[in-house]
Protein chains: 2
Amino acid sequence: MVKILVDAMGGDNAPAATVQGSVLALEKDKDLYLVLTGRQADIEAELKKYKYDKSRLEIVDCPDVIDMNDIPTEAIKRKQSSLVAGFWKLKKEDDLCALVTAGSTGATIVGGQLILGRIRGIKRPALCPAIPNSRGRVTMLCDCGANAECKPVMLCQFAVLASAYAEVGFGISSPKVGLLSNGTEEHKGDPLHQETYKYLSKMQGIDFIGNIEGRDIMLGECDVAVADGFSGNIALKSMEGCGKLVLGVMKKEFSSSLSSKIGYLFMRKAIRNMRGQLDFEKFGGALLLGLKKVVVKSHGSSKASTIAASIENAANIYRKGLVPAVEKKLENVDFDTLIPEEI
Amino acid sequence: MVKILVDAMGGDNAPAATVQGSVLALEKDKDLYLVLTGRQADIEAELKKYKYDKSRLEIVDCPDVIDMNDIPTEAIKRKQSSLVAGFWKLKKEDDLCALVTAGSTGATIVGGQLILGRIRGIKRPALCPAIPNSRGRVTMLCDCGANAECKPVMLCQFAVLASAYAEVGFGISSPKVGLLSNGTEEHKGDPLHQETYKYLSKMQGIDFIGNIEGRDIMLGECDVAVADGFSGNIALKSMEGCGKLVLGVMKKEFSSSLSSKIGYLFMRKAIRNMRGQLDFEKFGGALLLGLKKVVVKSHGSSKASTIAASIENAANIYRKGLVPAVEKKLENVDFDTLIPEEI
């Protein structure tokens, strides 16, 4: 039985979406056990709406909620929130495998680092979504926002973390790793990226293909796009913005005339497939990589189906052994020798 | 008569596309005079294919061509290329108003700085495309690649340059300026962006709305997105990649079955409109802002229609007085007082 914590109060649509998503996940995976943290009364009110296997779900009552206006480091210390309680339980109880939250990204990162803790040797955790690409596969974008300021050693570690995720989560053997920069030539980028390029070239167990550009993420030129959290976040959200624009224009154009309405009837399947290609959430949120257990950050606007996908993703990644895979990969690289301390 | 230089050898499809684009532009705008720089024999061979007003086109013969493998600073000094000759003529001859090139971005930036020169007070030129947004308007993204490393004063100047472009080129009065970061909150970003936020808030003549995220560029949350050239480039190319993926999927899906082929017949207009929304080149390339005259950098893969749009854009921007507008805006801000020298 895989036992997973769900932050029932996290996200714009909580607890309705988190509870419904949990029920959906339990239904699909009979080997799953869920622990929902949050306001017990609110969770129970939602649970009443569904039939579910009560022997595989429990609630841990937590009075406080962290919202978007809280400062993450303070909220983590002060509040007995569903997220904080979740991280403490995850740390202390060996049989708990993973945590899923659609709550504050900042609080998730801080909680993950301060409460759960990092894998030995990892400097900073990193957010890593799997982005659908034009080859019908996925590109891991790591980091996409956990670290606005980075050092070369962090970027090199992101390559290790995301390669392990690509292998374990998507069965990609020897994933190709690109460094997100402002051009493909080796000399491109600022000093951080120029330095990182040199170290990535020398790393054992990493198939480094050189610099990539923003467009290569969705075109699938590599399996792993290594990025500092600042520009990785900008890349992710720029693609999301473009996707939103396309879906908005599609909706408008396809109902703009009788002719296009008729056309729509014939093309529903094609259009549904297109939408799927632009669904950044279909693989169930971003992983917060580098922590001692599996942590999945679902989008703040997650609906029930997204929460269910995130839970499924967490269970899958746990079963396939993400954390041991990262630890094994780390054995290949001696970061202290590779990268001088002063950098 | 507006007299514009065209780098006839610049771009993947030169000189065929540059020559045809020039002919198209001359046909559309009877008050236009073009000076094509490049290999005379090659240009003449292309020109023979078209009818055009010979009294409004001249050729300046240049033996060398700068290609993508040249190091910009060296090529600028060494080669008598179509681009270098163009910049020298633009600098020396008062009646020449603008230069259009689809050649090497690096060489264009270096040539613009070293030969043509910057507007008094401007630290560095910046590349600025106009990106179609979901409000049916445009968002200026400045800088999108000229400066991989930036200081706060540069970002503040990009706000001035792009605001002037938005006003003059697109008639947007008091353009809203956002700072591209990894979140909307004031404390987001690295020290460069946190510092810049403070200065932008204090600037006269700039309508600063705070931080924006990558998605806000195409959703049109502001008229001007100020970015360092590294992450601005990543934003632009990430959106381009997403657009390419969508058009690729559309093409595939819409011919995937008889039903969708029939649907396509009914929706051709709607689909054409969608394509238009994703055409990053429809406004004719990116402006290289901050120089003493108008310089337009067209995409390396520009076709004739894109070259024609870039020439039209250059003529339009010149006629509407972009450079004087920038100079006027600069009078509002004393950068030395606003931003201490040590930063």
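Let me sum up the structure you'll find in this document. (Residues numbered from 1 in each chain as written. Chains lettered and ligands numbered in written order. Predicted model: local features only at pLDDT ≥ 70, side-chain atom pairs only at ≥ 80, totals over all residues. Heavy atoms only, no water.)

1. Details of the overall build of chain A
Turning to step 1, where the next piece is worked out: Of the regular secondary structure elements, chain A holds 13 helices and 12 strands.
Turning to step 2, where the next piece is worked out: Taking 20 Å as the expected radius of gyration for a compact globule of 343 residues, we find that chain A reaches 21 Å, a close match to that expectation.
Turning to step 3, where the next piece is worked out: Along the first, second and third principal axes, the C-alpha atoms of chain A reach 60 × 60 × 35 Å.
Turning to step 4, where the next piece is worked out: The buried share among the 343 residues of chain A stands at 62%.
Turning to step 5, where the next piece is worked out: Looking at chain A as shown, the accessible area adds up to about 13800 Å², and 48% of this sits on carbon and sulfur atoms.
Turning to step 6, where the next piece is worked out: One way to put it: in chain A the 45 positive side-chain charges average out to a point 6 Å from where the 42 negative ones average out. (Helix = DSSP H or I, 4+ residues; strand = E, 2+ residues; numbered from the N terminus. Rg over C-alpha atoms; globule rule 2.2 N^0.38 Å. Buried < 20%, exposed > 50% of the residue type's maximum accessible area, 1.4 Å probe, protein only. Areas by Shrake-Rupley, 256 points an atom, 1.4 Å probe, with all protein chains shown as cover. Lys, Arg positive; Asp, Glu negative; His and termini not counted. Charge placed at Lys NZ, Arg CZ, Asp CG, Glu CD.)

2. Some remarks on the layout of surface pockets
Residue and element names in this part refer to chain B.
Turning to step 1, where the next piece is worked out: Estimated volume of the second largest pocket: approximately 1400 Å³.
Turning to step 2, where the next piece is worked out: Here the lining of the second largest pocket gets 5 residues from one element, more than from any other, and that element is helix α5 (residues 105-116).
Turning to step 3, where the next piece is worked out: Residues that form the lining of the second largest pocket fall into these classes: 15 nonpolar, 22 polar and 13 charged. (1 Å grid on protein atoms, 1.4 Å probe; cavity = no way out; pocket = protein on both sides within 12 Å on 5 of 7 lines; lining within 4 Å. Points joined across faces, edges and corners; volume = space filled by probe spheres on them. Nonpolar A, V, L, I, M, F, W, Y, C, P; charged D, E, K, R; others polar.)

3. A word on the sheet that holds strand β9 (residues 207-212) of chain A
Residue and element names in this part refer to chain A.
Turning to step 1, where the next piece is worked out: Spatially, the 5 strands line up as an open sheet ordered β6-β7-β10-β8-β9, and their pairing is mixed. The sheet is open, and its two borders are formed by β6 (130-132) and β9, each paired with just one other strand. Sheet twist, expressed as the mean angle between neighbouring strand axes with direction ignored, is 30°.
Turning to step 2, where the next piece is worked out: Both β6 and strand β7 (residues 138-142) contribute to a ladder of 3 bridges, which runs antiparallel. From the neighbouring strand, Pro-132 faces β7, where its bridge partner is Val-138. (Pairing = 2+ DSSP bridges. Axes fitted to C-alpha atoms, helices over the stretch in contact; angles between N-to-C directions.)

4. Let's talk about the packing of aromatic side chains
Residue and element names in this part refer to chain A.
Turning to step 1, where the next piece is worked out: Taken as a whole, this structure holds 5 aromatic pairs over all chains when the rule is applied.
Turning to step 2, where the next piece is worked out: The ring centre of Tyr-33 lies 5.1 Å from the NZ or CZ of Lys-3, which sits over that ring.
Turning to step 3, where the next piece is worked out: Sitting over the ring of Tyr-52, Lys-54 keeps its end group 4.9 Å from the ring centre. (Phe/Tyr/Trp six-rings, centres within 6.5 Å; stacked < 30°, edge-to-face > 60°. Lys NZ or Arg CZ within 6 Å of the ring centre and 35° of its normal.)

5. Thoughts on a nonpolar patch on the surface
Turning to step 1, where the next piece is worked out: Together, Tyr264(A), Leu265(A), Phe266(A), Leu265(B) and Phe266(B) line one region of the surface with nonpolar side chains, adding up to about 440 Å² of accessible area.
Turning to step 2, where the next piece is worked out: Broken down by secondary-structure element, the contributors of at least two residues to the nonpolar patch are α10 (258-277) of chain A together with α10 (258-277) of chain B.
Turning to step 3, where the next piece is worked out: No other element matches α10(A), which puts 3 residues into the nonpolar patch.
Turning to step 4, where the next piece is worked out: Residue position: Leu265(B) is located in helix α10. (Patch = residues over 30% accessible without salt bridge, like charges linked within 9 Å, V, L, I, M, F, W, Y side chains within 5 Å. Salt bridge = Lys/Arg side-chain N within 4 Å of Asp/Glu carboxyl O.)

6. Description of the interface of chain A and chain B
Reports of interface size often rely on the accessible area that becomes lost once the parts have come together.
Turning to step 1, where the next piece is worked out: Contacts between the two partners involve 53 residues from chain A, matched on the other side by 53 residues from chain B.
Turning to step 2, where the next piece is worked out: Roughly 4400 Å² of surface becomes buried between chain A and chain B when both sides are summed, with 74% attributable to carbon and sulfur atoms.
Turning to step 3, where the next piece is worked out: When the buried surface of chain A facing chain B is broken down by residue, Arg215(A), Phe230(A) and Leu245(A) rank first, second and third, together holding 15% of it.
Turning to step 4, where the next piece is worked out: Seen at the junction of chain A and chain B, the total is 4 salt bridges.
Turning to step 5, where the next piece is worked out: In this structure, the salt-bridge partner of Arg215(B) is Glu240(A), at a minimum N-O distance of 2.9 Å.
Turning to step 6, where the next piece is worked out: For the pair chain A and chain B, the number of links is 10 residue pairs in polar contact (both at pLDDT 80 or more).
Turning to step 7, where the next piece is worked out: Listing elements by their share of the side of chain A that touches chain B, those giving two or more residues are α7 (191-202), α8 (215-219), α9 (229-253) and α10 of chain A.
Turning to step 8, where the next piece is worked out: When the residues that make up the side of chain A that touches chain B are grouped by side-chain class, the tally is 25 nonpolar, 19 polar and 9 charged. (Contact = heavy atoms within 4.5 Å. Buried area = accessible area lost by both parts, 1.4 Å probe. Polar contact = N/O pair within 3.5 Å; in protein donor to acceptor, adjacent residues only side chain to side chain.)

7. A short note on the environment of Cys97(A)
Residues and elements named next belong to chain A.
Turning to step 1, where the next piece is worked out: Counting through the fold element by element, Cys-97 comes out in strand β4 (residues 96-101).
Turning to step 2, where the next piece is worked out: A relative accessible area of 6% places Cys-97 in the buried class.
Turning to step 3, where the next piece is worked out: When the C-alpha atoms of Cys-97 and Leu-47 are compared, they prove to be 23 Å apart, with 50 residues separating the residues in sequence.
Turning to step 4, where the next piece is worked out: Apart from residues lying up to four places away in sequence, Cys-97 is in contact with Val-2, Lys-3, Leu-90, Lys-293, Val-294 and Tyr-318.

8. Some details on the pairing of β9(A)
All names here are of chain A.
Turning to step 1, where the next piece is worked out: By the bridge criterion, 5 bridges tie strand β8 (residues 176-180) to β9 in an arrangement that is parallel. What sits directly across from Leu-179, in β9, is Asn-211.
Turning to step 2, where the next piece is worked out: Handedness of the crossover joining β8 and β9 through α7 is recorded here as right-handed. (Right-handed = clockwise from strand over helix to strand, strands pointing away.)

9. Some words on the packing of α9(A) against α10(B)
Turning to step 1, where the next piece is worked out: Following both chains from N to C, one finds α9(A) and α10(B) inclined at 155°, their axes separated by 10 Å at the closest point. Viewed along their axes, α9(A) and α10(B) adopt a mutual orientation that is roughly antiparallel. In this structure, α9(A) crosses over α10(B), and the sense of that crossing is right-handed. In this structure, α9(A) contributes Leu245(A), Val246(A), Val249(A), Met250(A) and Glu253(A) to the contact, and α10(B) contributes Ala270(B), Asn273(B), Met274(B) and Gln277(B).
Turning to step 2, where the next piece is worked out: Looking at the contact of α9(A) with α10(B) residue by residue, the class counts come to 6 nonpolar, 2 polar and 1 charged. (Parallel < 35°, antiparallel > 145°, perpendicular 65-115°, else oblique. Left-handed = near helix turned anticlockwise from the far one by under 90°.)

10. Here we look at the sheet that holds strand β3 (residues 57-61) of chain B
All names here are of chain B.
Turning to step 1, where the next piece is worked out: Overall, mixed pairing links the 7 strands, which are arranged β3-β2-β1-β4-β12-β11-β5 in an open sheet. Since the sheet does not close on itself, it has two edges, and those belong to β3 and β5 (126-128), each with one partner. Each strand axis lies, on average, 25° off the axis of its neighbour in the sheet, ignoring direction.
Turning to step 2, where the next piece is worked out: Two strands pair when backbone bridges link them, and strand β11 (residues 286-289) and strand β12 (residues 294-297) are joined in this way by 2 bridges, in the antiparallel orientation.

11. Comments concerning the relation of the copies chain A and chain B
Turning to step 1, where the next piece is worked out: Superposing chain A onto chain B requires a rotation of 180° together with a translation of 0.0 Å along the rotation axis, leaving an RMSD of 0.0 Å. Read as a symmetry element, the transformation amounts to a two-fold axis. Among all residues of chain A, the minimum C-alpha distance to the rotation axis is found for Gly263(A), at 2.0 Å.
Turning to step 2, where the next piece is worked out: Most of the interface of chain A is mirrored in chain B, where 100% of its interface residues again form contacts. (Least-squares fit on C-alpha atoms with pLDDT ≥ 70 in both.)

12. Notes on the environment of Glu240(A)
Turning to step 1, where the next piece is worked out: Positionally, Glu240(A) belongs in helix α9.
Turning to step 2, where the next piece is worked out: What makes Glu240(A) buried here is its relative accessible area of 12%.
Turning to step 3, where the next piece is worked out: Ignoring any residue separated from it by four or fewer positions in sequence, one finds Glu240(A) in contact with Phe280(A), His299(A) and Arg215(B).
Turning to step 4, where the next piece is worked out: Within the structure, Glu240(A) has its side chain in polar contact with the side chain of Arg215(B) (distance 2.9 Å).

13. Concerning the side chain of Ser82(A)
All names here are of chain A.
Turning to step 1, where the next piece is worked out: Note on placement: Ser-82 falls in helix α4 (residues 82-92).
Turning to step 2, where the next piece is worked out: For Ser-82, a relative accessible area of 4% corresponds to the buried category.
Turning to step 3, where the next piece is worked out: Of note is the side chain of Ser-82, whose polar atom sits 2.5 Å from the side chain of Asp-7.

14. Describing helix α5 (residues 105-116) of chain A
All names here are of chain A.
Turning to step 1, where the next piece is worked out: For α5, built from 12 residues, the straight-helix expectation of 16 Å at 1.5 Å per residue is met to within 8% by its first-to-last C-alpha distance of 15 Å.
Turning to step 2, where the next piece is worked out: Taken residue by residue, α5 has Ala-107, Thr-108, Ile-109, Val-110, Gly-111, Gly-112, Ile-115 and Leu-116 as its buried positions.
Turning to step 3, where the next piece is worked out: Regarding α5, its N-cap is Ser-104, as a side-chain oxygen of that residue lies 3.4 Å from the backbone nitrogen of Gly-106 further along.
Turning to step 4, where the next piece is worked out: Note on α5: the residue one or two positions beyond its end, Gly-117, has a positive phi of about 95°. (Expected span 1.5 Å × (residues − 1).)

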